[in-house]
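Take a look at the letters that make up each chain.
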Amino acid sequence: MKLAILASLNGTNARAIVEATKKGTLDAEVAVVVTNRQEAGVISLFKDSDIPVEIIPSKGIKDREEYDRMVINALSEYQVDTIALAGWMRILSNLFIDAFPGRIINLHPALLPSFPGGTGISDAYDFGVKIAGCSVHLVNPVLDGGPIIIQAAVPVTGTREELEERIHRMEHLIFPQALQWMAEGRISVEGHRTSLAPASHSVREVSVVEGCVISPALELPL
């Protein structure tokens, strides 16, 4: 699997993906990291790595298709087949989605379908939910509305900042896992539901981490 990571923010989930490829738990090559913000932290995160970073500023470009066409053209040089949205703070146009059908995966910091949009953690905390979390899903034209691959349920305790830290730790586990399932070709979609084919090799399943419930369970090497 040849992967492009799109990130607008500090890039910690991009780093988790790259670390998974280095550890051998994710069978993918990260061909490029793309950001739409010249001040994004992800730039400095990868400045000394061998992974190229493409900075394609979106400020002032109101037409989503116009901007997405620029990104698609840049990605074509790297011949990527899968897109990981790791804090990509833009809504994709149908043009972009159609360019990578069924191969765009997004991480969202809430238990979808609750609290879509860019402020999922704050929205959940302010609403007073007792269980928050994060979701990885396939992208379709509905904002944060694509079929869900994996979720982590995180109990809400402590401050908003403490909740955010716990959610981010779960994100760093479930995002590479979902990408690995995609690399193995084990994800299928029927209607709006995904299903996961059994692993072809022995794995150790882990469904609870730090008191957070993950479903489907993480698959760790024996």
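Every chain is numbered independently, its residues counted from 1 as its sequence is written. Selection of residues for local features in this predicted model requires a pLDDT of at least 70, selection of side-chain atom pairs for listing and counting requires 80 or more, and totals for whole chains, interfaces and linings are taken over all residues. Hydrogens and water are ignored here; the side-chain numbers use all heavy atoms of the structure.

1. Observations concerning the pairing of strand β11 (residues 212-221)
Line of reasoning, step 1. Pairing between two strands is assigned when DSSP locates at least 2 bridges connecting them. Here a strand is any run of E in DSSP of at least two residues, a helix any run of H or I of at least four, and the numbering for each starts at the N terminus. By the bridge criterion, 3 bridges tie strand β7 (residues 148-155) to β11 in an arrangement that is antiparallel. Within the sheet, the bridge partner assigned to A152 lies in β11 and is I214.
Line of reasoning, step 2. With 6 bridges joining them, strand β10 (residues 203-209) and β11 adopt antiparallel strand pairing. Each bridged residue has a counterpart across the sheet, and for V208 the counterpart in β11 is V213.
Line of reasoning, step 3. With antiparallel pairing between neighbouring strands as the criterion, β10 and β11 make up a hairpin whose turn holds 2 residues, including E210 at a positive phi of roughly 55°.

2. A word on the packing of aromatic side chains
Line of reasoning, step 1. Pairing of aromatic side chains requires ring centres within 6.5 Å, counting the rings of Phe and Tyr and the six-membered ring of Trp. Pairs whose planes differ by under 30 degrees are stacked, by over 60 edge-to-face, and all others tilted. Taken as a whole and judged by the stated rule, the model has 3 aromatic pairs.
Line of reasoning, step 2. Ring centres of F96 and F100 lie 5.5 Å apart, and the angle between their planes is 40°; on these two criteria the pair is classed as tilted. Accessibility assignment for this pair places F96 and F100 in one class, buried.
Line of reasoning, step 3. Relative to F127, the ring of F115 lies with its centre 5.8 Å away and its plane at 65°, an arrangement referred to as edge-to-face. Residue F115 is located in the loop between β5 (104-108) and α5 (120-127), and its partner F127 is located in helix α5; the two are separated by 12 residues in the primary sequence. Relative accessibility thresholds used throughout: buried, under 20% of the residue-type maximum; exposed, over 50%; partly exposed, between the two (1.4 Å probe, protein chains only).

3. Brief notes about the nonpolar core
Line of reasoning, step 1. Counting 45 residues, the largest nonpolar core has I5, I17, I150, I174 and F175 as its most contacted members.
Line of reasoning, step 2. Per-element tally for this core: the top contributor is helix α6 (residues 160-183), with 9 residues.
Line of reasoning, step 3. Any pair of residues with heavy atoms lying within 4.5 Å of one another is described as a contacting pair. Beyond its immediate stretch of four places on either side in the chain, I150 contacts C134, S135, V136, I174, Q177, A178, W181, I214, S215, P216 and L218.
Line of reasoning, step 4. Here the nonpolar core consists of buried residues drawn from Ala, Val, Leu, Ile, Met, Phe, Trp, Tyr and Cys, with membership extended through side-chain atoms lying within 4.5 Å. With 23 residues, the next largest nonpolar core counts A31, V71, I97 and I104 among its residues.

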